[in-house]
Amino acid sequence: MGSLHAANLASMPPVELVHVSDEREEVARSLAATLGAACSTDPGEVVSDPRVDAIVIATPTSTHSALISAAASGGKHVFCEKPLGCTPREHRDAIAAANDAGVCLQVGFHRRFDPDWVAARERIAAGELGEVYLFHTTLREREPPSREYIESAGSFFADFTIHDLDIARWLVGEVSEISAFTAGLSDPLFRESDHPDQAIIVVRFACGALGTIDNSRTARYGYECSTEVVGSHATVRIGRNQQRHDVQWLSEAGVRVDHIREFAERYYIAYYSELEGFARAVLASEPVAVSGEDAFEAFRLATDAQRSLELRRPVTHAGIEMEAESVSRAGRCDSA
Ligand SMILES: NC(=O)c1ccc[n+]([C@@H]2O[C@H](COP(=O)([O-])OP(=O)(O)OC[C@H]3O[C@@H](n4cnc5c(N)ncnc54)[C@H](O)[C@@H]3O)[C@@H](O)[C@H]2O)c1
């Protein structure tokens, strides 16, 4: 994600990419050389670089909160990848640091910037769908990330489902109850650990609507992300076309179409637009489109999903902060 964001920033006037940092020197050096920026292995050097107005953080989740606090205390605006941390405390600390320093803090819920989701939301918000009855969203990846990534990323819900929990709130409204079911089926990492690779999450919204979320880390056919909202006047389906090219290949064997393989292929516009929106907000001193509180609320829902799994029952979402102690081991990052 860091390489993707850096490449976008380097081609986004009036933004100027001036400094790239990665603790692995070869990564920092080759990316910086490609994009014409300075490089370092210590993020502290980015914070103390007087040319830097804003910092994009795309390091492992367990490092986010401390890096946000360091950036904010250096007076830098922050865009941070989701989630803001692995515990409620890390979220509170990151949000407080940005508020205390008076800097912007935007979080990487990129789907809010995708033209398809934006168009659907505008029409739902304008009342064209009527009363919402049902919500369904699917998020599937072709293959799982590395074991190292999974073990440092917090719970499945906080790392993966969090995008769907945010989009549920954004399209329909606040969630009042959540039930979660998971399975670890595809390989020993998932079968023998408390990290699942498949999940179904059922939600009840405060408005009365019902929703389902299906997640898979191992949909071998490719990447899929689609949503459906059923209302009293209309139904909207988003992201049904999962093809890279509008091409059908017809032969004796049948008809073949290609399929998106990775999230970066599907969301290249959204990843660019979210940073463009962040830069605009910073330059105009306006509120960002996705706040730290949005990130915290989605994280609270992810934490409720984890509790539901452990308690084997639906959990009422109170929208209140939970103490770090109540988050299970599976809900924590390595460093927490
Ligand atoms: N929004 C999305 O669609 C999306 C997709 C993938 C990942 N993410 C998020 O992006 C973040 C990074 O994920 P990734 O897949 O790019 O991980 P990654 O492991 O591929 O990359 C992380 C990089 O950070 C570097 N790093 C680690 N600790 C550091 C530190 N303290 N200081 C400087 N550099 C450090 C590593 O060397 C590595 O190059 C995660 O929080 C993840 O949740 C978001």
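First, a word on what this report is: a plain description of the structure on this page. (Residues numbered from 1 in each chain as written. Predicted model: local features only at pLDDT ≥ 70, side-chain atom pairs only at ≥ 80, totals over all residues. Heavy atoms only, no water.)

1. As for the overall build of the protein
For step 1, the next point in the chain: Looking only at helices and strands, the protein features twelve helices and 14 strands.
For step 2, the next point in the chain: For the protein, the share of sequence-separated contacts (at least 6 apart) that also reach a separation of at least 24 residues comes to 67%.
For step 3, the next point in the chain: A total accessible area of about 15,900 Å² is found for the protein, and carbon and sulfur atoms account for 50% of it.
For step 4, the next point in the chain: Averaging the positions of the 32 positive and the 51 negative side-chain charges in the protein gives two centres separated by 4 Å. (Helix = DSSP H or I, 4+ residues; strand = E, 2+ residues; numbered from the N terminus. Contact = heavy atoms within 4.5 Å. Areas by Shrake-Rupley, 256 points an atom, 1.4 Å probe, with all protein chains shown as cover. Lys, Arg positive; Asp, Glu negative; His and termini not counted. Charge placed at Lys NZ, Arg CZ, Asp CG, Glu CD.)

2. A few points about the environment of Ala54
For step 1, the next point in the chain: Its location among the elements puts Ala54 in strand S3 (residues 54-57).
For step 2, the next point in the chain: For the pair formed by Ala54 and Ala279, sequence separation is 225 residues and the distance between their alpha carbons is 8.4 Å.
For step 3, the next point in the chain: With residues near it in sequence (within four places) discarded, Ala54 still touches His77 and Phe278.

3. Examining the pairing of strand S12 (residues 248-251)
For step 1, the next point in the chain: One ladder, built from four bridges, connects S12 with strand S13 (residues 254-257); its direction is antiparallel. Across the sheet, Trp249 pairs through a bridge with Arg256, a residue of S13.
For step 2, the next point in the chain: The turn joining S12 and S13, which pair antiparallel and follow one another in sequence, is formed by two residues. (Pairing = 2+ DSSP bridges.)

4. Some details on the sheet that holds strand S4 (residues 77-80)
Sheet strands pair via backbone hydrogen bonds, and the direction of the pair is either parallel or antiparallel.
For step 1, the next point in the chain: What the three strands build is an open sheet, ordered S3-S4-S5; its pairing is parallel. Only two strands of the sheet have a single partner each, and these edge strands are S3 and strand S5 (105-107). Taking each pair of neighbouring strands and ignoring which way they run, the sheet shows an average axis angle of 15°. (Axes fitted to C-alpha atoms, helices over the stretch in contact; angles between N-to-C directions.)

5. Here we look at the site of the ligand
For step 1, the next point in the chain: In the neighbourhood of the ligand, 19 residues make up the surrounding shell, with Asp22, Arg24, His64, Lys82 and Tyr271 lying closest.
For step 2, the next point in the chain: Between Met1 and the ligand, the recorded distance is 3.0 Å, taken from a backbone N or O atom to an oxygen atom.
For step 3, the next point in the chain: A distance of 2.9 Å is found between an oxygen atom of the ligand and a side-chain nitrogen or oxygen belonging to Lys82.
For step 4, the next point in the chain: Here the ligand loses 80% of its free accessible area of 850 Å² to cover by the protein chains. (Near = heavy atom within 4 Å. Polar contact = N/O pair within 3.5 Å; in protein donor to acceptor, adjacent residues only side chain to side chain.)

6. With respect to the pattern of salt bridges
For step 1, the next point in the chain: This model, assessed by the stated rule, comprises 25 salt bridges.
For step 2, the next point in the chain: A salt bridge links Arg89 to Asp93, with the shortest nitrogen-to-oxygen separation between them at 3.9 Å. Here Arg89 pairs with Asp93, and both are found in helix H5 (residues 88-101), just four residues apart, close to one helical turn.
For step 3, the next point in the chain: With a closest N to O distance of 3.8 Å, Arg300 and Glu293 form a salt bridge.
For step 4, the next point in the chain: Each of Arg112, Asp166, Arg169, Glu174 and Asp294 takes part in one network of salt bridges that share partners. (Salt bridge = Lys/Arg side-chain N within 4 Å of Asp/Glu carboxyl O.)

7. Digging into empty space enclosed by the protein
Space left empty within the atom packing is revealed by a probe, the size of a water molecule, rolled over the atoms.
For step 1, the next point in the chain: A complete count under the given rule lists one cavity of 30 Å³ or more for this structure.
For step 2, the next point in the chain: If you add up the space inside the largest cavity, you get close to 40 Å³.
For step 3, the next point in the chain: Lining the largest cavity, in full, are Ile150, Gly154, Ser155, Phe156, His195, Pro196 and Arg217.
For step 4, the next point in the chain: Considered class by class, the residues forming the lining of the largest cavity number three nonpolar, three polar and one charged. (1 Å grid on protein atoms, 1.4 Å probe; cavity = no way out; pocket = protein on both sides within 12 Å on 5 of 7 lines; lining within 4 Å. Points joined across faces, edges and corners; volume = space filled by probe spheres on them. Nonpolar A, V, L, I, M, F, W, Y, C, P; charged D, E, K, R; others polar.)

8. Focus: the environment of Ser176
For step 1, the next point in the chain: Secondary-structure assignment places Ser176 in strand S7 (residues 175-183).
For step 2, the next point in the chain: In sequence terms Ser176 and Glu143 are 33 residues apart; their C-alpha atoms lie 32 Å from each other.
For step 3, the next point in the chain: Ser176 has contacts with Arg204, Phe205, Ala206, Val315, Thr316 and His317, leaving out every residue within four places of it along the chain.

9. As for the sheet that holds strand S10 (residues 224-231)
For step 1, the next point in the chain: As summarised here, the arrangement of the seven strands in space is S11-S10-S6-S9-S8-S7-S14, forming an open sheet in which the pairing is mixed. At either end of the open sheet lies a strand with only one pairing partner, and these are strand S11 (235-238) and strand S14 (315-316).
For step 2, the next point in the chain: Note that S7 and strand S8 (residues 198-205) share eight bridges and pair antiparallel. Of the residues in S8, the one forming a bridge with Thr182 is Ala199.
For step 3, the next point in the chain: Helix-sheet contacts for helix H8 (residues 156-171) involve strand S6 (132-140), S7, S8, strand S9 (210-216), S10 and S11, and the interaxial angle to S6 is about 150°.

10. Some details on the nonpolar core
Nonpolar side chains in soluble globular proteins generally cluster together in the buried interior.
For step 1, the next point in the chain: Core analysis: the largest hydrophobic core is formed by 66 residues, its most contacted members being Phe135, Leu171 and Val229.
For step 2, the next point in the chain: Here this core gets ten residues from one element, more than from any other, and that element is H8.
For step 3, the next point in the chain: Beyond its immediate sequence surroundings of up to four residues, Val229 is in contact with Ile124, Leu129, Val132, Leu134, Phe135, Leu171, Val172, Ala234, Thr235 and Val236. (Core = buried A, V, L, I, M, F, W, Y, C linked by side-chain atoms within 4.5 Å. Buried < 20%, exposed > 50% of the residue type's maximum accessible area, 1.4 Å probe, protein only.)

All we've got here are geometric facts, nothing functional implied.
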